[in-house]
Amino acid sequence: MALLEVRDIVVRFGGVTAVGGVSFDVNERQICGLIGPNGAGKTTLFNVISGIYRPQEGSVRFAGTVTTGQPRHRMAPLGLGRTFQNLALFKSMTVRENILAGAHSAGGAGFLANALRLPRARAEEAAAARRARELIHLLQLDAVADKPVVDLPFGTQKRVEMARALISQPKLLLLDEPAGGLNHGEVDELAELFQHVRRSFDLAILLVEHHMSLVMRVSDKVVALDFGKKIADGTPDEVRSSPEVIRAYLGDGHAEAVHAA
């Protein structure tokens with residue numbers, strides 16, 4: 001059984017179909033890239049998987065549980081972690097505080113236990129602090145751990161957001177444009193970081209990304225969308241050579257040349 005099963009998802013906004021019957025799977029410990037030109041439906045589909053949007057048709061099953069229609073605050077306890085295309089950090093808080101904020105969604109002690117500082121709440125707090133220290137070290141944030149994130153470079157803030165998603169110990173990490181705004185050297189470091197995170201946390205990664213060389217370099221499989229439809233699903237080599245994918249990115253002439261070859 002796949003870790004994530006997306007089946008026949010349809011999302012409409014008014015009379016516009018943003019996603020039209022898309023299906024694909026992500027297996028355990030797999031890195032899956034979700035690509036497509038602007039307006040292909042990638043972010044809409046991402047928002048369905050993470051519980052922000054409810055589709056008109058279709059279903060999402062994660063780790064054997066149907067998540068379609070469940071409130072978004074239930075996703076982290078189920079094992080879904082997410083970053084956003086536009087950074088969603090608390091600018092006045094430190095790196096450590098931002099990371100620890102991600103642990104609250106996975107806590108089970110409850111409001112009363114936390115308010116009264118009961119043993120279970122204290123144990124959860126200590127465990128979160130320990131995981132935060134480990135993540136700070138793993139993502140090379142030691143030197144800035146107690147600095148406000150607003151003072152940090154964009155690439156560093158991206159790593160802080162990833163750490164915040166990881167502290168809840170997800171089974172699947174959803175990354176929305178993780179390479180956006182990064183320079184070439186930072187993208188190379190990010191590719192290595194993905195592999196390191198997968199090994200260290202034994203998780204799967206689903207990423208939406210425009211940086212094609214990054215996607216093809218790190219992904220085990222790639223799903224390509226265009227105008228809300230799935231046009232390819234396979235290994236990076238299979239997808240990069242698909243006439244439909246070439247047509248979506250480069251136009252009909254290039255696709256015909258590939259087909260003729």
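Anything mentioned here points back to the structure above.
Residues numbered from 1 in each chain as written. Predicted model: local features only at pLDDT ≥ 70, side-chain atom pairs only at ≥ 80, totals over all residues. Heavy atoms only, no water.

A. Broad picture of the sheet that holds strand β1 (residues 4-13). The strand order β2-β1-β4-β5 describes an open sheet built from four strands, whose pairing is antiparallel. In the strand order of this sheet, the two ends are held by β2 (16-26) and β5 (65-66), each with one partner. In terms of strand pairing, strand β4 (residues 57-62) meets β5 through two bridges, oriented antiparallel. Note that in β5 the partner of F62 across the bridge is T65. Its contacts with the sheet put helix α1 (residues 42-49) on β1, β2 and β4, and the angle it makes with β1 is roughly 120 degrees. (Pairing = 2+ DSSP bridges. Helix = DSSP H or I, 4+ residues; strand = E, 2+ residues; numbered from the N terminus. Contact = heavy atoms within 4.5 Å. Axes fitted to C-alpha atoms, helices over the stretch in contact; angles between N-to-C directions.)

B. How the structure looks around the packing of aromatic side chains. This structure, assessed with the given rule, holds one aromatic pair. Note on F13 and Y53: the rings are 5.5 Å apart at their centroids and 75 degrees apart in plane angle, and the pair reads as edge-to-face. Separated by 40 residues along the polypeptide, F13 in strand β1 and Y53 in the loop between α1 and β4 bring together distant segments of the chain. In this structure F13 comes out as partly exposed when scored by relative accessible area, which is 43%. (Phe/Tyr/Trp six-rings, centres within 6.5 Å; stacked < 30°, edge-to-face > 60°. Buried < 20%, exposed > 50% of the residue type's maximum accessible area, 1.4 Å probe, protein only.)

C. Just the nonpolar core, in detail. Within the largest apolar cluster, 45 residues are counted, with the highest numbers of intra-cluster contacts made by I99, M162 and F194. For this core, the two domains that each supply at least three residues are domain 1 (1-79 + 170-261) and domain 2 (87-168). Ignoring any residue separated from it by four or fewer positions in sequence, one finds M162 in contact with T83, L139, L173, L175, L190, L193, F194 and V197. The next biggest cluster of nonpolar side chains, apart from the first, holds 28 residues, and it includes L45, L78, A204 and L225. (Core = buried A, V, L, I, M, F, W, Y, C linked by side-chain atoms within 4.5 Å. Domains from an automatic or database assignment.)

D. Quick peek at unusual backbone geometry. Of note, the phi angle at D202 is positive, near 55 degrees, even though the residue is not glycine. Secondary-structure assignment places D202 in the loop between α7 (184-201) and β8 (204-208). With a phi angle near 50 degrees, F227 is a residue other than glycine that sits in the positive phi range. In this fold, F227 is placed in the loop between β9 (221-226) and β10 (229-234).

E. Layout of α7. Between its first and last C-alpha, α7 extends 26 Å over 18 residues, near the 26 Å set by a 1.5 Å rise per residue. Along α7, the positions that sit buried rather than exposed are V187, L190, A191, L193, F194, V197 and R198. Looking straight down α7, one finds its buried side chains confined to an arc of 165 degrees; they lie on one side. For α7, the exposed residues set more than 90 degrees away from the buried face come down to E189, E192 and R199. Looking at the buried residues of α7, the elements they touch are β3 (31-35), α6 (154-166), β7 (172-176), β8 and α8 (212-218). By the N-cap criterion, in which a side-chain oxygen at the helix start approaches the backbone nitrogen of a residue two or three places on, α7 is capped by N183, the distance to G185 being 3.2 Å. Positive phi shows up at D202, right after α7, with a value of about 55 degrees. (Expected span 1.5 Å × (residues − 1). Arc of directions from axis to C-beta. Polar contact = N/O pair within 3.5 Å; in protein donor to acceptor, adjacent residues only side chain to side chain.)

F. Spotlight on the environment of D233. Positionally, D233 belongs in strand β10. For D233 and D25, which are 208 residues apart along the polypeptide, the C-alpha to C-alpha distance reads 9.6 Å. Discounting chain neighbours no more than four positions away, the residues touching D233 are S23, F24, K221, V222, V223 and V239. Side-chain polar atoms of D233 contact the side chain of K230, separated by 3.3 Å.

G. Inspection of the pattern of salt bridges at higher detail. Across all of its chains, the model carries 13 salt bridges by this definition. In this structure, the salt-bridge partner of R7 is D25, at a minimum N-O distance of 2.7 Å. Placement of R7 in strand β1 and of D25 in strand β2 is noted, with a sequence separation of 18 residues between them. Look at D25 and you get partly exposed, because its relative accessible area is 25%. When salt bridges that share partners are traced, they join E5, R7 and D25 into one network. (Salt bridge = Lys/Arg side-chain N within 4 Å of Asp/Glu carboxyl O.)

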